[in-house]
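Residues per chain are reported as follows:
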Amino acid sequence: MPPRRNRKRLHAYDAVLYKGRNRVERFLSRIKHFRRIVTRYDKLASTFMGFVTLAAIMLWLK
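Residues numbered from 1 in each chain as written. Predicted model: local features only at pLDDT ≥ 70, side-chain atom pairs only at ≥ 80, totals over all residues. Heavy atoms only, no water.

**Re the overall build of the protein**
Step number 1: The helix and strand tally for the protein stands at three helices and zero strands.
Step number 2: Tracing the protein from N to C terminus, the helices and strands come up as α-α-α.
Step number 3: For 62 residues, the compact-globule estimate of 2.2 N^0.38 gives 11 Å, and the C-alpha radius of gyration of the protein, at 17 Å, exceeds that figure by more than 25%.
Step number 4: Overall size of the protein, expressed as C-alpha extent along the three principal axes, is 50 × 25 × 15 Å.
Step number 5: With 62 residues in all, the protein has 11% of them scored as buried.
Step number 6: Considering only intrachain contacts with a sequence separation of at least 6, the fraction spanning at least 24 residues in the protein is 23%.
Step number 7: Roughly 6100 Å² of accessible area belongs to the protein as shown, and the carbon and sulfur atoms make up 59% of that amount. (Helix = DSSP H or I, 4+ residues; strand = E, 2+ residues; numbered from the N terminus. Rg over C-alpha atoms; globule rule 2.2 N^0.38 Å. Buried < 20%, exposed > 50% of the residue type's maximum accessible area, 1.4 Å probe, protein only. Contact = heavy atoms within 4.5 Å. Areas by Shrake-Rupley, 256 points an atom, 1.4 Å probe, with all protein chains shown as cover.)

**Some details on the pattern of salt bridges**
Step number 1: For the structure on display, the rule yields two salt bridges.
Step number 2: With its nearest N and O atoms 3.2 Å apart, the salt bridge here joins Arg21 to Glu25. Pair noted here: Arg21 and Glu25 are both in helix H1 (residues 15-31), with a separation of four residues, about one helical turn.
Step number 3: The partly exposed category is assigned to Arg21, whose relative accessible area is 46%. (Salt bridge = Lys/Arg side-chain N within 4 Å of Asp/Glu carboxyl O.)

**So, the environment of Arg5**
Step number 1: Locating Arg5 in the fold gives a position in the segment before H1.
Step number 2: Spatially, the C-alpha atom of Arg5 lies 46 Å from that of Thr47, the residues being 42 residues apart in sequence.

Next up, the structure:
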C-alpha cells in the first residue's frame, strides 16, 4: 500500500503491483454478488471455474 502523504518517512512500494492487486480485489468483491460462486455449490473445479468465467463475462458485458 502506498504510504500516507503526511508521514515523516515514506516507505517504498511497487505501484504496478499495487494497481494489479487492487484490480483483483475489486473483481473478487464484484463477483461475490453471485450466490452460486460464493457458496460453491459445484463439486468439480472445472464446473466452478466455468461459473466464475460466466460471472466474469456477465460483469464485463455490463
